[in-house]
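Observations on chain architecture
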Amino acid sequence: MCPLHIQGCELIHGVFRTVGSKLFWTYNLEGKKKISKQIIEAIDEGKRVITFKEFEGDLVDKYDNWKATLHIEQKGEIDLVCWTMEYERPNENAPELINLLDFIIGMTKAIDDHHVKRN
């Protein structure tokens, strides 16, 4: 669906799409292979929201308490995607994660393009 961004997603504990499940992601950020082990922290199917929290990987090696929430809101026949990233910088010299935000935007566009081509 978006192989330039995500190279793999493996279930390492639990059942896909359930709270408490753990996933192992491999992805490419700025030409470098990265890893992320995440737990699904919350799911609200009615509100179309899922929250992932990284417990091991390249992000939490440098930033504390990284999590991402995906919310899909429907406006008529259009789905609007909203990502929220939360993290703590270890100090003022640590850069904001603008490169990761760009990555998430690119990945979301690639997924949208994939679905548009299918329909």
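Data block above holds the structure.
If you're wondering where the values come from, they're calculated on a predicted model, not measured in any experiment.

**Some details on the pattern of salt bridges**
Taken as a whole, this structure holds 5 salt bridges when the rule is applied. Lysine 37 is the salt-bridge partner of glutamate 56, the closest N and O atoms lying 3.5 Å from each other. Placement of the pair is glutamate 56 in strand E4 (residues 49–57) and lysine 37 in strand E3 (residues 32–44), with a sequence separation of 19 residues. The class of glutamate 56 is partly exposed, set by a relative accessible area of 38%. Across the salt bridge formed by glutamate 41 and lysine 67, the nearest N and O atoms sit 2.7 Å from each other. One end of the pair, glutamate 41, is in strand E3; the other, lysine 67, is in strand E5 (residues 64–75), and 26 residues separate them in sequence.

**Let's talk about the sheet that holds E3**
Strand order in this open sheet of 6 strands is E1-E2-E3-E4-E5-E6, and the pairing throughout is antiparallel. Single-partner strands in this sheet number two, and they are strand E1 (6–13) and strand E6 (78–88). Direction aside, neighbouring strands of the sheet carry axes that sit 25 degrees apart on average. Bridging between E1 and strand E2 (residues 22–29) involves 6 bridges; their strand directions are antiparallel. Considered in E2, the bridge of glycine 8 is made with threonine 26.

Cut-offs and rules
Residues numbered from 1 in each chain as written. Predicted model: local features only at pLDDT ≥ 70, side-chain atom pairs only at ≥ 80, totals over all residues. Heavy atoms only, no water. Salt bridge = Lys/Arg side-chain N within 4 Å of Asp/Glu carboxyl O. Helix = DSSP H or I, 4+ residues; strand = E, 2+ residues; numbered from the N terminus. Buried < 20%, exposed > 50% of the residue type's maximum accessible area, 1.4 Å probe, protein only. Pairing = 2+ DSSP bridges. Axes fitted to C-alpha atoms, helices over the stretch in contact; angles between N-to-C directions.

Such coordinate-based values are descriptive only and should not be taken to indicate function.
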